[in-house]
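# Understanding the architecture of this molecule
Take a look at the letters that make up each chain.
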Amino acid sequence: MRSFLAIYRRELLSYVTTPTAYVFVAVFLFAIGLFTFQIGGFFEQRRADLQGFFAFHPWLFMVFLPAVSMRLWAEETRSGAIELLMTLPSPTWALVAGKFCAAWTVAAAALLFTIPLWVTVNLLGAPDNAAIVTGYLASFLMAGAYLAIGSAMSALTDSQVVAFVLAVLIAFMLTALGLPMVSDFVAPLLGGGVADAVSRFSILNHFEAAQRGIVELRSVWYFLSLSAMFLGFTWLAVDARRGG
Amino acid sequence: MLLEVDGLKKRFGKRVAVDGVSFSLDVGEILGFLGPNGAGKTTTMRILAGYLEPDEGACKVFNIDVLEERGRAQTRIGYLPEGNPLYGEMTPWAYLRFIAETRGMRKDEARTAVRRAAQDARLGDAIERPIETLSKGYRRRVGLAAALLPEPMLLILDEPTDGLDPNQREAVRDLIRRLGQERAIILSTHSLEEVAAVCTRAIVINEGRIVADGPPAKLAEGHADGLEGAFKALTGGQERVA
């Protein structure tokens, strides 16, 4: 546990002592504002809710969060610090979890900075606050899944650019599986059952249910499992270095 | 014996990097690992430090198998990797605290260990300055201090004086001599002068195999240009591609 906390603190420090976290939070807030107000038509809808705000989260996270996670392992490999970390008597899980949780904290901070929007809808009307809390919770869990994907890709390479591109690609595939156009394409080829199964693997589908204020345990389980699976891949990729 | 290495073998694809390396080491010995580039020095040291797993063979530190009980063995080993990777944005104090706590030390233990290691490595006032602003010599001392944090009985130093100017080199050598009085040290180097000046014993490794093992003066015997002549004769004066 001490190793985990030490890694977590150092990683968090490296985010706040370099422009990475600030740029991420600032650009994310700008982009989510632009999407919510301009493209989502927040005021034109004349509804006191944040559905138009949450709807863009999967698409923005898909691009922004790999930028946060791309350095987690790639930079350690490039600088040679990975060798130092792996010759310390700390378990690999502590390294993997410490780094992941630091990146997740940065994502959580970005979400916290959107709370003024929540306050605004409460001033403008009487929103379903339980649905908004559910939306935030789902958004936080989804961020974890995207970061875990990014962490795994970062562990595979010493290039941050390659890690970013791979993570965006996988995140896009897992998100887009839920689009109607994908189901419409798959159904005639492989049947409705397969199309339905493919759609159930989509981040988008699980997130949309939560946006409507429905807490589905299977969605919580889905996001946690997806995160655990990619953190497991990270662990394997990091440990595989011992084999040379 | 503090360290026992038995029949280490390591391949990278078709290339045999380490081919049946065996030796043992006791407290008070400073062992210089000599060899041309690509001879297998760094790979051997990485295996001893628990970073790489060998394909065959075993190594034990105080009878603890580095492969079977890696974490336990690593608590007794201090390691300075090749290139001395550090986090430049941190101060040595913060960096050493981070390493100590990642090693599992409690906060008070970590503080004490950092003070002691900084003193042993003679970091002085540099301890509060960002690492990226320090000279190469002081950065090397930070790396050495990190390796000294657990009060290891075995120190593994991969090219500890590489890239240092003569003054910095001499300072690091003094440090190694002093540290070697109460522990075992393995250091790899390209400098024959360094081996002669610091080491009590030298192992020459070529194409993954140990080709000579003994005190530097004894290895130099019978060669007109001393240790350099011995090195050339033992390694065939050839350069490896990788």
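Residues numbered from 1 in each chain as written. Chains lettered and ligands numbered in written order. Predicted model: local features only at pLDDT ≥ 70, side-chain atom pairs only at ≥ 80, totals over all residues. Heavy atoms only, no water.

### Some remarks on the overall build of chain A
Check the secondary structure of chain A and you find 14 helices and zero strands. Helices and strands in chain A line up, N terminus first, as α-α-α-α-α-α-α-α-α-α-α-α-α-α. The C-alpha atoms of chain A give 19 Å as radius of gyration, which agrees with the globular expectation for 244 residues (18 Å, within 12%). With the C-alpha coordinates of chain A rotated into their principal frame, the extents come out at 60 × 45 × 30 Å. Counting all 244 residues of chain A, 50% fall into the buried class. For chain A, restricting intrachain contacts to residue pairs at least 6 apart in sequence, the fraction spanning at least 24 positions comes to 79%. Between the averaged position of the 13 positive side-chain charges in chain A and that of its 13 negative side-chain charges there is a distance of 7 Å. (Helix = DSSP H or I, 4+ residues; strand = E, 2+ residues; numbered from the N terminus. Rg over C-alpha atoms; globule rule 2.2 N^0.38 Å. Buried < 20%, exposed > 50% of the residue type's maximum accessible area, 1.4 Å probe, protein only. Contact = heavy atoms within 4.5 Å. Lys, Arg positive; Asp, Glu negative; His and termini not counted. Charge placed at Lys NZ, Arg CZ, Asp CG, Glu CD.)

### Some thoughts on the sheet that holds strand E7 (residues 154–158) of chain B
Residue and element names in this part refer to chain B. Taken together, six strands build an open sheet; the order of strands is E6-E7-E8-E3-E9-E10 and the sheet is mixed. Looking at strand neighbours, the two that pair on one side only are strand E6 (77–80) and strand E10 (209–214), the edges of this open sheet. Here the average twist between neighbouring strands, direction ignored, is 15°. Pairing of strand E3 (residues 30–34) with strand E8 (residues 184–189), which is carried by five bridges, proceeds in the parallel orientation. (Pairing = 2+ DSSP bridges. Axes fitted to C-alpha atoms, helices over the stretch in contact; angles between N-to-C directions.)

### Considerations on the interface of chain A and chain B
Listed by partner, the interface residues are 26 residues for chain A and 28 residues for chain B. For the pairing of chain A and chain B, the buried interface totals around 2500 Å² over both sides, and the portion due to carbon and sulfur atoms is 60%. Linking chain A with chain B are three salt bridges, by the criterion used here. Salt-bridge contacts for A:Glu83 lead to B:Arg46; the nearest nitrogen and oxygen are separated by 3.0 Å. At the junction of chain A and chain B, the tally comes to eight residue pairs in polar contact (both at pLDDT 80 or more). Looking at the side of chain A that touches chain B, the elements that each hand over two or more residues are helix H1 (2–16), helix H5 (71–79) and helix H6 (81–86) of chain A. (Buried area = accessible area lost by both parts, 1.4 Å probe. Salt bridge = Lys/Arg side-chain N within 4 Å of Asp/Glu carboxyl O. Polar contact = N/O pair within 3.5 Å; in protein donor to acceptor, adjacent residues only side chain to side chain.)

### Overview of the side chain of A:Ser202
Residues and elements named next belong to chain A. Positionally, Ser-202 belongs in the loop between helix H12 (192–200) and helix H13 (203–211). A residue is classified by how much of its surface remains accessible, and Ser-202, at 0% relative accessible area, is buried. Side-chain polar atoms of Ser-202 contact the backbone oxygen of Thr-175, separated by 3.1 Å. Reaching out from Ser-202, the side chain makes a polar contact with the backbone nitrogen of Leu-204 at a distance of 3.0 Å. Excluding residues within four positions of it along the chain, Ser-202 makes contact with Leu-174, Thr-175, Leu-177, Gly-178 and Tyr-222.

### Some remarks on helix H1 (residues 41–48) of chain B
Residue and element names in this part refer to chain B. Most of H1 sits out of view: seven of its eight residues are buried. Every buried residue of H1 is accounted for by Lys-41, Thr-42, Thr-43, Thr-44, Met-45, Ile-47 and Leu-48. Backbone geometry just downstream of H1 places Gly-50 in the positive-phi region, at approximately 85°.

### Some words on the pattern of salt bridges
Taken as a whole and judged by the stated rule, the model has 21 salt bridges over all chains. Residue B:Glu101 is joined to A:Arg9 by a salt bridge in which the shortest nitrogen-to-oxygen separation is 2.4 Å. Of this pair, B:Glu101 sits in helix H3 (residues 92–102) while A:Arg9 sits in helix H1, placing the two residues on different chains. The class of A:Arg9 is partly exposed, set by a relative accessible area of 38%. The closest approach of N and O atoms between B:Glu170 and B:Arg173, which form a salt bridge, is 3.9 Å. Of the two residues, B:Glu170 and B:Arg173 are both situated in helix H6 (residues 166–179); the distance of three residues between them amounts to about one turn of the helix.

### Re the confidence of the model for chain A
On average, residues of chain A score 87 in pLDDT, and 99% of them reach the 70 mark or higher. Looking at the elements of chain A, mean pLDDT is at its lowest for helix H11 (residues 180–190) of chain A, recorded as 74, and at its highest for helix H7 (residues 92–112) of chain A, recorded as 94. (pLDDT = per-residue confidence, 0-100.)

### Topic: the nonpolar core
Nonpolar side chains tend toward joint burial in soluble globular proteins. Within the largest apolar cluster, 148 residues are counted, with the highest numbers of intra-cluster contacts made by B:Leu3, B:Phe23, B:Tyr95, B:Leu154 and B:Ile186. Considering every element that reaches this core, the biggest residue donor is helix H9 (residues 129–155) of chain A, with 14 residues. Not counting chain neighbours up to four residues away, the residues in contact with B:Leu154 comprise B:Leu2, B:Leu3, B:Leu25, B:Val61, B:Arg76, B:Ile77, B:Gly78, B:Ala184 and B:Ile186. (Core = buried A, V, L, I, M, F, W, Y, C linked by side-chain atoms within 4.5 Å.)

### A closer look at the packing of helix H2 (residues 19–39) of chain A against helix H4 (residues 57–69) of chain A
Residue and element names in this part refer to chain A. The geometry of H2 relative to H4 is characterised by a closest axis approach of 11 Å and an angle of 165° between their N-to-C directions. Between H2 and H4, the angle is such that the two are roughly antiparallel. Helix-helix and strand crossings are classified by hand; for H2 and H4 the assignment is right-handed. Only His-57, Leu-60, Phe-61, Phe-64, Leu-65 and Val-68 of H4 make contact with H2, whose side of the interface consists of Phe-24, Val-27, Phe-28, Ala-31, Ile-32 and Phe-35. The residue inventory of the contact of H2 with H4, partitioned by class, reads 11 nonpolar, one polar and no charged. (Parallel < 35°, antiparallel > 145°, perpendicular 65-115°, else oblique. Left-handed = near helix turned anticlockwise from the far one by under 90°. Nonpolar A, V, L, I, M, F, W, Y, C, P; charged D, E, K, R; others polar.)

### What to know about the pairing of E8(B)
All names here are of chain B. Among the six residues in E8, six count as buried, and that is most of the element. The alternating pattern of E8 places Ala-184, Ile-186 and Ser-188 and Ile-185, Leu-187 and Thr-189 on opposite faces, both of which are buried. Strand direction decides the pairing type here: E7 and E8, joined by five bridges, are parallel. Paired with Asp-158 across the strands is Ser-188, a residue of E8. Once the chain exits E7 it traverses H6 before rejoining the sheet at E8, and the crossover so formed is right-handed. (Right-handed = clockwise from strand over helix to strand, strands pointing away.)

### Points about the packing of H9(A) against helix H10 (residues 160–176) of chain A
Residues and elements named next belong to chain A. Across the interface, H9 lies against H10 with an axial gap of 8 Å and an inter-helix angle of 140°. Judged by the inter-axis angle, H9 sits oblique to H10. Seen along the crossing, H9 lies across H10 with a hand that is right-handed. Residue-level contacts link Tyr-146, Ile-149, Gly-150, Met-153 and Ser-154 of H9 to Ala-163, Leu-166, Ala-167, Ile-170, Ala-171, Leu-174 and Thr-175 of H10. Its residues assigned to classes, the contact of H9 with H10 shows nine nonpolar, three polar and no charged.

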